[in-house]
Amino acid sequence: TAILMGVAEVLAGMKASLSGTITFLFQAAEEGAPNGGAKAMVAAGALDNPRIEAVYGLHTWPGPTGTISTRSGGMMASADNWRVVIHGKQAHGAQPWRGVDPIVIGAQIVTGLQTIVSRNIDLTAGPAVLTVGAFQAGVRENIIPDSAVMIGTFRTFNEKARATMASQIRAIAEQYATAGGATAAVTINMGYSTTANDARWFGRASSVLRNTLGETQVLESAPSMPAEDFSVFMERVPGLFFFLGVTPRDRDPFNTPANHSPLYDVDEAAMPTGIKALSALALDALLHGVPALRPLK
């Protein structure tokens, strides 16, 4: 927010010499997956009035202060959530044969889920991750509960892998439950799609960054498994999403607390770089035009 306010100040100062419109999109509730703020912003007309032709965004990230990292194609993964409720039959812990143990069945489901990425996903087409984030069941040591609940997330870089993950989660949970004499209620919440820089636009946009900041300041990033609802904007118009390095120069970016850690430390010396980058990209699109590119989705 502070960086975008700086961009607004810079470009507002040039207003008299510019022809066209620059819109400043302050992302709202990005962390609210699967229905973050970008969906609501688009639905409310954020890209339509005035009509947006190109969109740019940045994310502070571990990396040497003031460096930019980005890549053509998939940059951040899709993010989808799942929930499994296993319905068994309560029994005394000393008499398990009188019940249906949802904890044992849940443990088998956890193990089964780990085979999806290793055996069902073509990892040469992009990385994928499945995580069980919580497993909740029971209240006492001597009672087999009547139900268990598991929740988690899965991340991919292409729609085929995304669909496979969803269908396999459902199949594994339901079939393990059936085999154990229980039932499983599976809910899949499809959230953010892959944040992808359009290859048709990437060369020009990245060259603007290199010309503005210098060749050594613009790096190629690896695909990142966290997700970002900026993807909602980029599904509709071309643009560029990039990371702004904010790790203090005396620290190793790969061994320092990162985003979402209470120890995450942002070097504010990186802020002018973010302002320069976004300002240069906006000016390039405004002054030289944006080609009519078919949306990626």
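Coordinates for the structure precede this section.
Residues numbered from 1 in each chain as written. Predicted model: local features only at pLDDT ≥ 70, side-chain atom pairs only at ≥ 80, totals over all residues. Heavy atoms only, no water.

**Student:** Kindly report on the overall build of the chain, identifying the contributing residues and their values.
**Tutor:** Helix and strand content of the chain: 7 helices and 12 strands. In terms of overall dimensions, the chain has C-alpha extents of about 80 × 45 × 35 Å along its principal axes. Residues classed as buried in the chain amount to 46% of the 297 residues present. Long-range contacts, defined here as pairs at least 24 residues apart, represent 80% of the contacts in the chain between residues at least 6 apart. Per element, the accessible surface of the chain, about 15,000 Å² overall, is 54% carbon and sulfur. (Helix = DSSP H or I, 4+ residues; strand = E, 2+ residues; numbered from the N terminus. Buried < 20%, exposed > 50% of the residue type's maximum accessible area, 1.4 Å probe, protein only. Contact = heavy atoms within 4.5 Å. Areas by Shrake-Rupley, 256 points an atom, 1.4 Å probe, with all protein chains shown as cover.)

**Student:** Explain the nonpolar core to me, and be specific about the residues and the numbers.
**Tutor:** Taken as a class, soluble globular proteins show a tendency for nonpolar side chains to be buried jointly. In this structure, Tyr56, Ile68, Leu240, Phe242, Leu278 and Leu281 are the most contacted members of the largest nonpolar core, which totals 29 residues. Breaking this core down by element, the ones donating at least two residues are helix H1 (2–12), strand E1 (55–64), helix H5 (199–213), strand E12 (239–247) and helix H7 (271–288). The dominant element in this core, judged by the number of residues it contributes, is H7, at 8 residues. When near neighbours in sequence (up to four residues on either side) are disregarded, Ile68 contacts Leu209, Leu213, Gln217, Val218, Leu219, Phe242, Phe243, Leu244, Thr273 and Ala277. Val84, Ile86, Val100 and Ala148 belong to the second-largest nonpolar core, a separate cluster that totals 26 residues. (Core = buried A, V, L, I, M, F, W, Y, C linked by side-chain atoms within 4.5 Å.)

**Student:** Lay out the pattern of salt bridges with the relevant residues and their values.
**Tutor:** Pairing is possible between side chains that carry opposite charge, provided their charged atoms lie close to one another. Under the definition given, this model contains 10 salt bridges. One connected set of salt bridges, linked through shared partners, spans Asp80, Glu159 and Arg162. (Salt bridge = Lys/Arg side-chain N within 4 Å of Asp/Glu carboxyl O.)

**Student:** A description of helix H4 (residues 159–179) should follow, citing residues and the corresponding values.
**Tutor:** Here H4 contains 21 residues, and its C-alpha end-to-end distance of 30 Å stays within 8% of the 30 Å for a straight helix at 1.5 Å per residue. Restricting attention to buried positions, one finds in H4 the residues Ala161, Arg162, Met165, Ala166, Ile169, Ile172, Ala173 and Ala177. End-on view of H4: buried residues confined to an arc of 145°, all on one side of the axis. Of the exposed residues in H4, those oriented more than 90 degrees away from the buried face are Lys160, Gln175, Thr178 and Ala179. (Expected span 1.5 Å × (residues − 1). Arc of directions from axis to C-beta.)

**Student:** Describe the sheet that holds strand E11 (residues 218–220), with residues and values.
**Tutor:** With mixed pairing, the 4 strands of this open sheet are ordered in space as E1-E12-E2-E11. Strands with a single pairing partner mark the edges of an open sheet, and in this sheet they are E1 and E11. The sheet shows a mean angle of 35° between the axes of neighbouring strands, direction not considered. Sheet topology places strand E2 (residues 68–70) next to E11; 3 bridges connect them, and they run parallel. (Pairing = 2+ DSSP bridges. Axes fitted to C-alpha atoms, helices over the stretch in contact; angles between N-to-C directions.)

**Student:** Could you give an account of the side chain of Arg162, naming the residues involved and the relevant values?
**Tutor:** Relative to the elements of secondary structure, Arg162 occurs in helix H4. Among the polar contacts listed, one links the side chain of Arg162 to the side chain of Glu159, at a separation of 3.2 Å. The residues touching Arg162, leaving out its near neighbours within four places in the chain, are Ser78, Asp80, Phe154, Thr156, Met190, Gly191, Tyr192 and Ser193. (Polar contact = N/O pair within 3.5 Å; in protein donor to acceptor, adjacent residues only side chain to side chain.)

**Student:** Help me get a handle on the packing of aromatic side chains, residues and values and all.
**Tutor:** All told, the structure shown has 4 aromatic pairs when counted by the stated rule. Aromatic pair Phe230 and Phe233: ring centres 5.4 Å apart, planes at 85°, arrangement edge-to-face. The exposure class assigned to Phe230 is buried, which follows from its relative accessible area of 3%. Taking relative accessible area as the criterion, Phe233 reaches 0% and is therefore assigned buried. Centre to centre, the rings of Phe230 and Phe241 are 5.1 Å apart; their planes meet at 35°, and the pair counts as tilted. (Phe/Tyr/Trp six-rings, centres within 6.5 Å; stacked < 30°, edge-to-face > 60°.)

**Student:** Quick one: what's the story with the sheet that holds strand E6 (residues 129–137), residue by residue and with numbers?
**Tutor:** Here 4 strands make up an open sheet; going across it, the order is E6-E8-E4-E9 and the pairing antiparallel. Edge positions in the sheet fall to E6 and strand E9 (183–192), since each of these pairs with one other strand and no more. The sheet shows a mean angle of 15° between the axes of neighbouring strands, taken without regard to direction. Relative to strand E8 (residues 147–155), strand E4 (residues 79–87) runs antiparallel, the two sharing 8 bridges. Across the sheet, the residue bridging to Asp80 is Phe154, located in E8. Sitting on the sheet, H4 touches E4, E6, E8 and E9, and the angle it makes with E9 is about 165°.

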